[in-house]
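# Remarks on the overall topology
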Amino acid sequence: MAFVTTGLPFDDFRALVRDLPKPAFEAAEAVRQRDATLTKPAGSLGRLEELAVWLAAWTGRAPAVTRPLVAVFAGNHGVTAQGVSPFPSSVTAQMVENFAAGGAAINQICIAHDLGLKVFDLALDLPTADITQEAAMDERTCAATMAFGMESIAGGTDLLCIGEMGIGNTTIAAAIYYALYGGKAEDWVGAGTGHSAEGIALKADVIRKAVDLHKDHLKDPFEVLRRLGGREIAAMAGAILAARVERIPVIIDGFVATSAAAILHAASPDALDHCQIGHVSAEQAHRTVVEKLGKKPILDLDMRLGEGTGAALAAGIVKAAALCHSGMATFEQAGVSDKA
């Protein structure tokens, strides 16, 4: 996708958000009408029927998933200097190497559901600035990273799953939620990669300090992103936005990936209409965020790994929903009597 920036980098994204494509209502209605003729009681496939309609609404055609893609964005964060993770930042690059070698959970899930996988290394040797000291990124860097995320779908896909990897990024996500939704810092903080109670309290103190530092600039969602976010958050936001422009359905992963979606939702309440939340994370605040976004997760498996794993598992459900709709016979085709 070609993306040309102006002298005011965020203005391009604000313009996109103001003029988002709408769903293909006729395609969605055609699915509902065919569903009523399939060899099953009405509504008996529950959420699968809703997902089939959703696919049609955003692709403009009968439900089908032929080129699914999991896009995992990896970034490092200066805030790790505050001790917010029990793991060093070097683990981010090590895990990216593990993805490339096929040794991570996401690799196995992609194999199980026949999903493509791309992993994007976002300047791991150059962490964003410590958000307790200064803005994570300047506007141009943040906008350029969003544009990079937009280009991630250039190879083509008809179902995009969004995931991430980044030591310290549960702190970043919690800071974004605290800035967007208020409450207490403790409301948004969980164990992340395995923190103790003392570590969780430290994370709350860190996000409180960061949001207080930037509080005069946080009414604009894009300022929230650049001041408190990370490169992987910005790239995921760009990818979600590009998918909307290209009419590609999106499945968003858990606690961290949803923070990128929350930025777009804050910019425009209908910005996520083409998105599903793949699963509700075991991170305590994720369920609250999902409710604020007006979404219903596809799965609830007590997971909190990241890597796009929840979104990829949900993609298997979406693929099944498409096949059930397209492959099932109608009552007339099967010679089965419909209800009297």
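A brief look at the structure comes next. (Residues numbered from 1 in each chain as written. Predicted model: local features only at pLDDT ≥ 70, side-chain atom pairs only at ≥ 80, totals over all residues. Heavy atoms only, no water.)

## Observations regarding unusual backbone geometry
- The backbone of Arg 247 shows a phi angle near 60°, a positive value even though the residue is not glycine.
- Of note, Arg 247 is situated in the loop between α10 (231-245) and β4 (250-252).
- Among the residues examined, Arg 247 registers a relative accessible area of 26% and is labelled partly exposed.
- The residue Glu 307 is not glycine, and still its phi comes out positive at about 65°.
- Given a relative accessible area of 4%, Glu 307 falls into the buried group. (Helix = DSSP H or I, 4+ residues; strand = E, 2+ residues; numbered from the N terminus. Buried < 20%, exposed > 50% of the residue type's maximum accessible area, 1.4 Å probe, protein only.)

## Some words on helix α2 (residues 25-35)
- Regarding α2, the residues found buried are Ala 27, Ala 28, Val 31 and Asp 35. Projected onto a plane normal to the axis of α2, the buried residues spread over an arc of 100° and lie on a single side. In α2, those exposed residues whose orientation departs by more than 90 degrees from the buried face are Phe 25, Glu 26 and Gln 33.
- At its buried positions, α2 is contacted by α3 (47-59) and α13 (309-327). (Arc of directions from axis to C-beta. Contact = heavy atoms within 4.5 Å.)

## Describing the packing of α3 against α13
- Running from amino to carboxyl end, α3 crosses α13 at an angle of 85°, the nearest separation of the two axes being 8 Å. One way to sum up the angle between α3 and α13 is to call them roughly perpendicular. Listed contacts from α13 to Leu 48, Leu 51, Ala 52, Trp 54 and Leu 55 of α3 are Ile 317, Val 318, Ala 321, Ala 322, Cys 324 and His 325.
- In terms of residue class, the contact of α3 with α13 is built from ten nonpolar, one polar and no charged. (Axes fitted to C-alpha atoms, helices over the stretch in contact; angles between N-to-C directions. Parallel < 35°, antiparallel > 145°, perpendicular 65-115°, else oblique. Nonpolar A, V, L, I, M, F, W, Y, C, P; charged D, E, K, R; others polar.)

## Here's the deal with the layout of surface pockets
- Taken as a whole, the second largest pocket holds about 290 Å³ of empty space.
- For the lining of the second largest pocket, the elements supplying multiple residues, two or more each, are α2, α3 and β5 (275-277).
- The greatest single-element share of the lining of the second largest pocket, amounting to seven residues, is contributed by α3.
- Looking at the lining of the second largest pocket residue by residue, the class counts come to nine nonpolar, two polar and six charged. (1 Å grid on protein atoms, 1.4 Å probe; cavity = no way out; pocket = protein on both sides within 12 Å on 5 of 7 lines; lining within 4 Å. Points joined across faces, edges and corners; volume = space filled by probe spheres on them.)

## Remarks on empty space enclosed by the protein
- If you walk through the whole model with that rule in mind, you get one cavity of 30 Å³ or more.
- In this structure, the largest cavity occupies an estimated 40 Å³ of space.
- As for the largest cavity, its lining consists of Asp 35, Leu 45, Leu 48, Glu 49, Ala 52, Ala 321, Cys 324 and His 325.
- Contributing elements (two or more residues each) for the lining of the largest cavity: α3 and α13.

By themselves these figures say nothing about function.
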